[in-house]
Amino acid sequence: MYVWIWHHLPFGRPGKIVGSLLLTGLTVALLWYVVFPWAEPLLPFDDVQVTDDGGVPGDPGAGPVDDPAGTAEPTGDDFDLPYSTESNNAEPPASPNR
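Along each chain, the written sequence defines residue order, and numbers are assigned to residues from 1. Local features in this predicted model are restricted to residues whose pLDDT is 70 or higher, and side-chain atom pairs enter the listing and the counts only when it is 80 or higher, whereas totals over whole chains, interfaces and linings include all residues. Computation of side-chain values: all heavy atoms of the structure, hydrogens and water removed.

> Would you take a moment to explain the overall build of the protein for this structure?
When its secondary structure is counted, the protein shows 2 helices and 0 strands. Here the protein holds 98 residues, and 7% of them are scored as buried. Per element, the accessible surface of the protein, about 9,500 Å² overall, is 63% carbon and sulfur. Each helix is a run of DSSP H or I of at least 4 residues and each strand a run of E of at least 2, with the numbering of both proceeding from the N terminus. Only protein chains enter the area calculation, which uses a 1.4 Å probe; residues under 20% of their type maximum are buried, those over 50% are exposed, and those in between are partly exposed. Areas reported here follow the Shrake-Rupley algorithm with a probe of radius 1.4 Å; residue values treat only the protein chains shown as occluding.

Here it is as structure tokens:
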């Protein structure tokens, strides 16, 4: 496809370079101003649901009892991390044979 476009652009090598840049710019502008704004409402990027205690969003029993509006800031004790924060387990210890 790109070879076909290159062979059909006029005015020799300088014209082909300018034409290629112009076609690339027009394609980017078409995507940026037409296609992406049209597709953005269809994509789930803003459809984020965060719940407390694994509850269902909108469930009145999902939030903390002493903060029914859900406006309290979480503290460090509110979360259980599935890994240790005291040591780095990314690399195993070196063996004595190496």
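There's plenty left to go through after this.
> Any chance you could explain helix 2 (residues 12-39) here in plain terms?
Take the number of residues in a helix, subtract one, and multiply by 1.5 Å to get its expected span. Compared with an ideal rise of 1.5 Å per residue, which puts 28 residues at 40 Å, helix 2 spans 38 Å between its outermost C-alpha atoms and is within 8% of the ideal. To get the bend at a given residue, fit one axis to the seven residues ending there, fit another to the seven starting there, and take the angle between those axes. Bending of helix 2 peaks at approximately 35° at the position of Leu-31. What helix 2 keeps buried is the set Gly-15, Lys-16, Gly-19 and Ala-39. Residues of helix 2 that are buried make contact with helix 1 (2-8). Contact definition: two residues touch when any of their heavy atoms are within 4.5 Å.

> Explain the side chain of Lys-16 here, please?
Note that Lys-16 resides in helix 2. Neither His nor the chain ends contribute to the count of charged residues, in which Lys and Arg are positive and Asp and Glu negative. Throughout this description, the term salt bridge denotes a Lys or Arg side-chain nitrogen within 4 Å of a carboxyl oxygen of Asp or Glu. Lacking a salt bridge, the buried Lys-16 has Glu-40 as its closest oppositely charged neighbour, with an N-O distance of 39 Å. Excluding anything up to four places from it in sequence, Lys-16 contacts Trp-6, His-7, Leu-9 and Pro-10.

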